[in-house]
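Working through the structure, step by step
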2 protein chains.
Amino acid sequence: MVSEAHKDLAGLMRGHGILPTQQRMMLAKVLFEQNGHFSADQLMRQVNGDSDRVSKATVYNTLGLFARQGLLREIIVDPTRVFYCTNTEPHHHLYNIDTGELQDIETDSLVISDLPALPEGTVADGVDVIIRVRNDSDVN
Amino acid sequence: MVSEAHKDLAGLMRGHGILPTQQRMMLAKVLFEQNGHFSADQLMRQVNGDSDRVSKATVYNTLGLFARQGLLREIIVDPTRVFYCTNTEPHHHLYNIDTGELQDIETDSLVISDLPALPEGTVADGVDVIIRVRNDSDVN
DNA sequence: GTCAGTGCAAACCCTTTGCAGAAAG
DNA sequence: CTTTCTGCAAAGGGTTTGCACTGAC
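Below: a short report on this structure. (Residues numbered from 1 in each chain as written. Chains lettered and ligands numbered in written order. Predicted model: local features only at pLDDT ≥ 70, side-chain atom pairs only at ≥ 80, totals over all residues. Heavy atoms only, no water.)

In the vicinity of DNA strand C there are 19 residues, among which Thr21(A), Gln23(A), Thr58(A), Tyr60(B) and Val82(B) approach most closely. Near the protein, meaning within 4 Å, the atoms of DNA strand C are sugar or phosphate in a fraction of 84%, with bases accounting for the rest. In the model, a sugar or linking oxygen of DNA strand C is placed 2.8 Å from a nitrogen or oxygen of the Gln23(A) side chain. Arg24(A) places a side-chain nitrogen or oxygen 3.2 Å from a phosphate oxygen of DNA strand C. Elements with a contribution of two residues or more to the surface near DNA strand C: helix 2 (22-32) and helix 4 (56-68) of chain A together with helix 4 (56-68) and strand 3 (81-85) of chain B. The element that contributes the greatest number of residues to the surface near DNA strand C is helix 4 of chain B, accounting for 3 residues. Partitioning the surface near DNA strand C into residue classes produces 8 nonpolar, 6 polar and 5 charged. (Near = heavy atom within 4 Å. Polar contact = N/O pair within 3.5 Å; in protein donor to acceptor, adjacent residues only side chain to side chain. Helix = DSSP H or I, 4+ residues; strand = E, 2+ residues; numbered from the N terminus. Nonpolar A, V, L, I, M, F, W, Y, C, P; charged D, E, K, R; others polar.)

We now examine the protein's contact with DNA strand D. In the vicinity of DNA strand D there are 18 residues, among which Tyr60(A), Thr80(A), Thr21(B), Gln23(B) and Thr58(B) approach most closely. Close to the protein, within 4 Å, the atoms of DNA strand D are drawn from sugar and phosphate at a rate of 84%. Between DNA strand D and the protein, one listed contact pairs a sugar or linking oxygen with a backbone N or O atom of Thr80(A) at 3.3 Å. For the surface near DNA strand D, the elements supplying multiple residues, two or more each, are helix 4 and strand 3 (81-85) of chain A together with helix 2 (22-32) and helix 4 of chain B. Looking at the surface near DNA strand D, the element that brings in the most residues is helix 4 of chain A, giving 3 residues. Here the surface near DNA strand D is composed, by residue class, of 7 nonpolar, 6 polar and 5 charged.

Pasting the structure below:
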């Protein structure tokens, strides 16, 4: 079962032009068997419970690589850190500025119509919709 | 004329609970007589042409203060720097990831419907819509 | 054996902070 | 005079980089 999962993840990587090394497999295992949203720091802590099996540099390199190769989506919601989302389908996000929690919103519960014409010489790269919420008790 | 503009900006600040000091006036002059989108760095360069009239700390403090008091809107589109927008009406943004250019999109050219229910105990703080574009010639 | 990936530590860069001096009321 | 603001320089924190070592094939 573990070896099967490994095989799937390795195939997934190869299908996206990524060489499945040991460290990338460990990171992919945490990311794609769990799914959700991860910062570099969160991912590193989950992979390296006690010992240091994957270095910080490799975590950053791998997240950037996975995002470039379409395995992850980069989410810019917080000026202090970048999040990566395992859901590569079109969807939006809800961000709690108090807790730092980030969650998906399906596209069908939020419809965007009449996208404006883009400036000449540019092509769309993506549309990000972020609903920011804060805790009700906030004194603000 | 200059003194009139000063008076307007001073009144604007006082109306938002901000004490109009010399440095804040200089920054407000650049921001609100020009309008648009500014990073801390861009603003500082425009205020301090040659000499250093306003310090970096004061630029950051003032941008944060203006945003908190509703004179500016903070825009998170780039993991490397925060932008501030002088347009405080509801609107969206178009961001060119190649050039770093940021421009407004009027809300009526992009309609969002069916906002989902928010998680219990949270209140909306704002909705950000960012259309990312890149230059057509990009090799990607 | 060759080329790509990894780890470590240092460098980077935007932003924030501590504190002494200056300015506003 | 008291309180708030400003400036400087140093610290902070996420991210990137340089380079020698290791691993994949």
